[in-house]
Amino acid sequence: MTERRPIPAFRGNDALGANHQQSILNVLRMACSEAIRQPDFAQRLQAIKQLFYVRDFDGIFLETANLPVYTAQYVPRRALCYYDIFTGVELQRILRTRPNIMCLGAGSGSELVGISAASCHALEGNGAPITIHSQDYSDWSSILQTLESTIRYKWGISEEQIKYEFSIGDLLRVTPELESEISRAELVTAMFVFNELFSDKVNAMNFVKTIVKNVRPGCYFLLVDSAGSFSSIKVGSKSYMSYMFFDSLAQYFAPILSEDSKWFRHAHGLEYPLGIENMRYFIRLYQRK
Ligand SMILES: C[S@@+](CC[C@H](N)C(=O)[O-])C[C@H]1O[C@@H](n2cnc3c(N)ncnc32)[C@H](O)[C@@H]1O
C-alpha cells in the first residue's frame, strides 16, 4: 500500500453512489492523475499504439514506463465493461458465494476495479472475503496498490470484504505455483489476454491444457476478448476465433454464458480527462464438468 487513507464505512449497494459508471471513473481519475499529468503522456501513448499495431506486446508491457500510461488510457473502458459483465445475474450469483478469483494477465487493473465495483452489490451480510488475485508477467504492483488504496478510500471496501493479491508469472511458461493458484480459485478469468498468447502458438495451446487440467470441477472459467479480427488465429491455412479452442472442449466445459459479439456502450456525459471508447467483445463463461 503506497498511501494510507482512512477507510470510510462500507455502504453496500450505495457504495458507488447514484452514478455507478462515474464512480468507477472517479477512482481511475484519482489513481491515474499523476500519469495523465506527465509531460510525455501523449508521446508515450502514441508509441504504445504503434507497438499494438505490430503486435509487439512485450515491447508495451515489459517497459515499466509504459504501464501507468496504459492504465490511464485503456483501463477505464474495460473497468466499465467488466462492471457491466459482473453485474449480470450469473456473475452476481458467483460473487455472492465470495469466491477466490484468479485474474490472469490482469496487471493493468481493469479486473480489480470492475470486479470490486460489481462486488459492492454482492457483499451483503457476513462471510469470508472475496479474493481478487491479479496475475501478470510484468510488474504492475505499484499501479495495483494505488488502485487498491483508492478503491478502499472511495468505496469503503475493507480487507474483511475483499482481499487483493498480485503475482508475477508468464502464462506461456506455466509453473507448478501458477497451476496451484489456478486450482485454488472458484473463478478463473482471462480477459483481453488470451489472443496475445498466440504470439507463441505451441505455448498458447499449453495454456489451454493448463486451464483444463487445473480448473476444478464445478468451478468457472471466464474468457473475454475482442470480437474483431484481433481474435482471429491462423492455424495452418485456416483461421479460428480464439474462443473456438475452448468451445471445442465440450467434454470439459459447460457454457453458461456464450456470445460471439457484444457491444458495451458507456453512458453519455461521463467525466474523465481522456476519451473513452465503446467496446465490442466476445464472452464465454464455462463451468468445468
Ligand atoms: C491487453 S492487456 C489486458 C489487461 C487486462 N486483462 C484488461 O483487460 O485490461 C494484456 C495483459 O496481459 C499481460 N500479458 C501479456 N502476455 C502475458 C503473458 N505471457 N503472461 C502473463 N501476462 C501477460 C500484459 O502485461 C497485460 O497486462
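Quick note: structure is the one above.
Residues numbered from 1 in each chain as written. Predicted model: local features only at pLDDT ≥ 70, side-chain atom pairs only at ≥ 80, totals over all residues. Heavy atoms only, no water.

A.B. asks: Go over the environment of R29, please, and point to the residues and values.
C.D. replies: Among the structural elements, R29 can be located in helix α1 (residues 20-31). Looking at R29, its side chain comes within polar contact range of the side chain of N26, at 2.8 Å. (Helix = DSSP H or I, 4+ residues; strand = E, 2+ residues; numbered from the N terminus. Polar contact = N/O pair within 3.5 Å; in protein donor to acceptor, adjacent residues only side chain to side chain.)

A.B. asks: Mind laying out the packing of aromatic side chains, listing which residues take part and the relevant values?
C.D. replies: Taken as a whole and assessed by the stated rule, the structure comprises 21 aromatic pairs. A ring pair is formed by Y70 and W140, whose centres lie 6.0 Å apart and whose planes are at 65°; its orientation type is edge-to-face. With Y70 in helix α5 (residues 67-86) and W140 in the loop between β2 (130-136) and α8 (141-155), the pair connects residues that are 70 residues apart, well separated along the chain. For Y70, a relative accessible area of 4% gives the class buried. Following the ring pairs from residue to residue traces out a cluster consisting of F194, F198, F207, F221, Y240, F245, F246, F253 and Y286. One cation-aromatic arrangement involves R55 over F230; the distance from NZ or CZ to the ring centre is 4.3 Å. Its guanidinium or amino end placed over the ring of Y243, R284 lies 4.1 Å from that ring's centre, counting from NZ or CZ. (Phe/Tyr/Trp six-rings, centres within 6.5 Å; stacked < 30°, edge-to-face > 60°. Buried < 20%, exposed > 50% of the residue type's maximum accessible area, 1.4 Å probe, protein only. Lys NZ or Arg CZ within 6 Å of the ring centre and 35° of its normal.)

A.B. asks: Give me the side chain of S242: which residues, what numbers.
C.D. replies: Inspection of the secondary structure puts S242 in the loop between β7 (238-241) and α12 (244-247). Beyond its immediate stretch of four places on either side in the chain, S242 contacts F194, N195, S231, I233 and F282. (Contact = heavy atoms within 4.5 Å.)

A.B. asks: Provide a residue-level description of α8, including the pertinent values.
C.D. replies: Here α8 spans 21 Å end to end across 15 residues, near enough to the 21 Å set by a 1.5 Å rise per residue. Listed as buried for α8 are I143, L144, L147, E148, S149, T150, I151, R152 and W155. Of the surrounding secondary structure, the elements contacted by the buried residues of α8 are α1, α5, α7 (110-119), β2 and β3 (162-168). G156, located one to two residues past α8, shows a positive phi value of around 65°. (Expected span 1.5 Å × (residues − 1).)

A.B. asks: Go over the nonpolar core, please, and point to the residues and values.
C.D. replies: Counting 69 residues, the largest nonpolar core has I85, F86 and W155 as the members making the most contacts within it. Tallying contributions element by element places α5 first for this core, with 13 residues. Sequence-distant contacts of W155, defined by excluding residues within four places in its chain, comprise F10, A15, L16, S23, I24, V27, V113, S116 and A117. Residues F194, F198, F245 and Y286 belong to the second largest nonpolar core, which totals 31 residues. (Core = buried A, V, L, I, M, F, W, Y, C linked by side-chain atoms within 4.5 Å.)

A.B. asks: Summarise the packing of α1 against α8; cite the residues concerned and give the values.
C.D. replies: Running from N to C, α1 and α8 point in directions that differ by 135°, and their axes come no closer than 9 Å. With respect to α8, the element α1 is oriented oblique. As for the relative orientation of α1 and α8, their crossing is right-handed in sense. In contact with S23, I24, N26, V27, L28, M30 and A31 of α1, α8 contributes T146, L147, T150, I151, Y153, K154 and W155. Of the residues contributing to the contact of α1 with α8, the split by class is nine nonpolar, four polar and one charged. (Axes fitted to C-alpha atoms, helices over the stretch in contact; angles between N-to-C directions. Parallel < 35°, antiparallel > 145°, perpendicular 65-115°, else oblique. Left-handed = near helix turned anticlockwise from the far one by under 90°. Nonpolar A, V, L, I, M, F, W, Y, C, P; charged D, E, K, R; others polar.)

A.B. asks: Outline unusual backbone geometry, listing residues and values.
C.D. replies: Comment: phi is negative for the bulk of residues other than glycine, and the bulk of peptide bonds are trans. One non-glycine residue, R98, lies in the positive phi region at around 55°. By the element assignment, R98 lies in the loop between α6 (89-96) and β1 (100-104). Take R98: its relative accessible area is 11%, and that puts it in the buried class. The phi dihedral of F192 is positive, around 55°, even though this residue is not glycine. One can find F192 in the loop between β4 (187-191) and α10 (194-197).

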